[in-house]
Amino acid sequence: MMGFAVLLHVMAVVIWVGGMFFAYVVLRPVAAGQLEPPARLTLWAGVFGRFFPWVWACVGVVLATGLWMIFAVFGGMGGVGLYVHAMFGLGLLMMLIFFHVFFAPYGRLKRAVAAQDWQAGGKALAQIRMLVGINTLIGLLTIAVGAAGRYLVP
Ligand code: HEM
């Protein structure tokens with residue numbers, strides 16, 4: 001069971017953080033360099049519309065498998081190393097940032113695209129860009145903590 005939980009945990013992390021990395025580092029500069037606002041904002045509304053359901057699923061899987069490992073395998077919060085506490089804290093922060101993106105600027109982006117208000121859409125996209133950039137960095141840091149933490153801190 002532990003092997004299965006770790007596998008699901010890491011699969012969900014790869015899909016979530018890898019997806020953000022691709023969006024931020026690869027797609028963002030190409031879209032910014034090649035597309036005018038109407039096409040670019042419509043593209044991003046569509047990209048997030050497809051990516052965010054995966055992120056919701058990843059959030060659920062990461063949280064469920066992580067908490068299951070802590071409580072069913074390691075005997076609760078007192079039984080885990082410092083790196084697991086750090087991973088949990090950073091993971092919760094990533095989830096809060098995602099919830100904010102989903103319910104605030106992403107909602108505004110969708111409404112702006114529907115209303116063809118490219119000014120408002122550009123503002124919303126700029127907020128999403130900043131927050132996804134931050135979450136990509138926190139995600140990579142959390143992977144470092146989760147994967148290497150046990151060898152670095154006793
Ligand atoms: C938010 C709630 C989270 C909880 C409760 C949690 C909990 C755990 C636990 C208990 C382990 C197993 C540790 C061990 O075997 O010693 C683990 C492994 C791991 N977690 Fe998390 N985690 C969470 C979020 C995250 C996030 C957001 C990431 C990355 C962005 C992440 C990345 C990893 C990685 C890379 C491993 C190592 C797997 C391995 O190499 O065996 N975790 N996590």
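Quick notes on the rules
- Throughout, residues of each chain are indexed from 1 in the direction in which the sequence is written.
- Owing to the predicted nature of the model, reporting of local features is limited to residues with pLDDT of at least 70; listing and counting of side-chain atom pairs is limited to 80 or more, with chain, interface and lining totals taken over all residues.
- In computing side-chain properties, one takes all heavy atoms of the structure into account and sets aside hydrogens as well as water.
- Secondary structure elements are defined from DSSP: runs of H or I of at least 4 residues count as helices, runs of E of at least 2 residues count as strands, and each element is numbered from the N terminus.
- The cut-offs for exposure are 20% and 50% of the maximum accessible area for each residue type, with area from a 1.4 Å probe on protein chains only; residues under the lower value are buried, those over the upper are exposed, and the others partly exposed.
- Contacts are residue-level and defined by heavy atoms, with any inter-residue pair within 4.5 Å sufficient.
- Here the Shrake-Rupley method, with its probe set to 1.4 Å, supplies the accessible areas, and only the displayed protein chains count as covering residues.
- Here the term donor refers to an N, O or S atom within 2.8 Å of the metal (or 3.2 Å for Na, K and Ca), and because water is left out of the atoms, sites may appear incomplete.
- Four donors are marked tetrahedral only if all angles between them lie between 85 and 135 degrees, whereas four are marked square planar and six octahedral if opposite donors are more than 155 degrees apart and the other angles lie between 65 and 115; the remainder are marked irregular.
- Here, nonpolar core means buried Ala, Val, Leu, Ile, Met, Phe, Trp, Tyr and Cys residues that are tied together by side-chain atoms lying within 4.5 Å of each other.
- Distances are taken per atom, and a residue is near a molecule or strand as soon as one of its heavy atoms is within 4 Å of it.
- Counted as a polar contact is a pair of N or O atoms within 3.5 Å, where, for protein atoms, one must be capable of donating a hydrogen and the other of accepting one, and residues adjacent in sequence contribute only when both atoms are in side chains.

Draft legend 1. View of the overall build of the chain. Within the chain one finds five helices and zero strands. Moving toward the C terminus, one meets the helices and strands of the chain in the order α-α-α-α-α. Referenced to the eigenvectors of the C-alpha coordinate spread, the extents of the chain come out at roughly 55 × 25 × 20 Å. Scored against the burial criterion, the 154 residues of the chain give a buried share of 37%. For the chain, the proportion of contacts with a sequence separation of at least 24, taken over those separated by at least 6, is 79%. Counting only carbon and sulfur atoms, one obtains 73% of the accessible surface of the chain, whose full area is about 8700 Å².

Draft legend 2. Summary view of the coordination of the iron atom of the ligand. Donor atoms from the polypeptide that coordinate the iron atom of the ligand comprise His9 (NE2) and Met87 (SD), at 2.0 Å from the metal. Metal-centred angles of 82 to 179° between the six donor atoms at the iron atom of the ligand mark the site as octahedral. One end of the pair, histidine 9, is in helix 1 (residues 2-34); the other, methionine 87, is in helix 3 (residues 82-103), with 78 residues separating them in the sequence. For methionine 87, a relative accessible area of 21% translates into the label partly exposed.

Draft legend 3. Representation of the nonpolar core within the structure. By size, the foremost hydrophobic cluster in this structure holds 31 residues, and its most contacted members are Trp16, Phe48, Phe52 and Leu109. Mapped by element, the contributors of at least two residues to this core are helix 1, helix 2 (37-73), helix 3, helix 4 (105-114) and helix 5 (118-152). Among the elements that take part in this core, helix 2 stands out by supplying ten residues, more than any other. Residues contacting leucine 109, with those up to four places away along its chain left out, are Leu41, Trp44, Ala45, Phe48, Gly121, Ala124, Leu125 and Ile128.

Draft legend 4. Representation of the site of the ligand. Around the ligand sit 27 residues, and of these His9, Val62, Tyr83, Met87 and Gly146 come closest. Between an oxygen atom of the ligand and a side-chain N or O atom of tyrosine 83, the distance comes to 2.2 Å. One of the side-chain N or O atoms of arginine 150 is found 3.4 Å from an oxygen atom in the ligand. Elements with a minimum of two residues in the shell around the ligand: helix 1, helix 2, helix 3 and helix 5.

Draft legend 5. A look at helix 4. Here helix 4 has its buried residues at Pro105, Tyr106, Gly107, Leu109, Ala112 and Val113. Those residues of helix 4 hidden inside the fold are in contact with helix 2, helix 3 and helix 5.

Draft legend 6. Spatial organisation of the environment of valine 132. Tracing the backbone through its elements, the reader meets valine 132 in helix 5. Placed 25 residues apart in sequence, valine 132 and glycine 107 show a C-alpha to C-alpha distance of 15 Å. Those residues in contact with valine 132 that lie beyond four places of it in its chain are Met20 and Tyr24.

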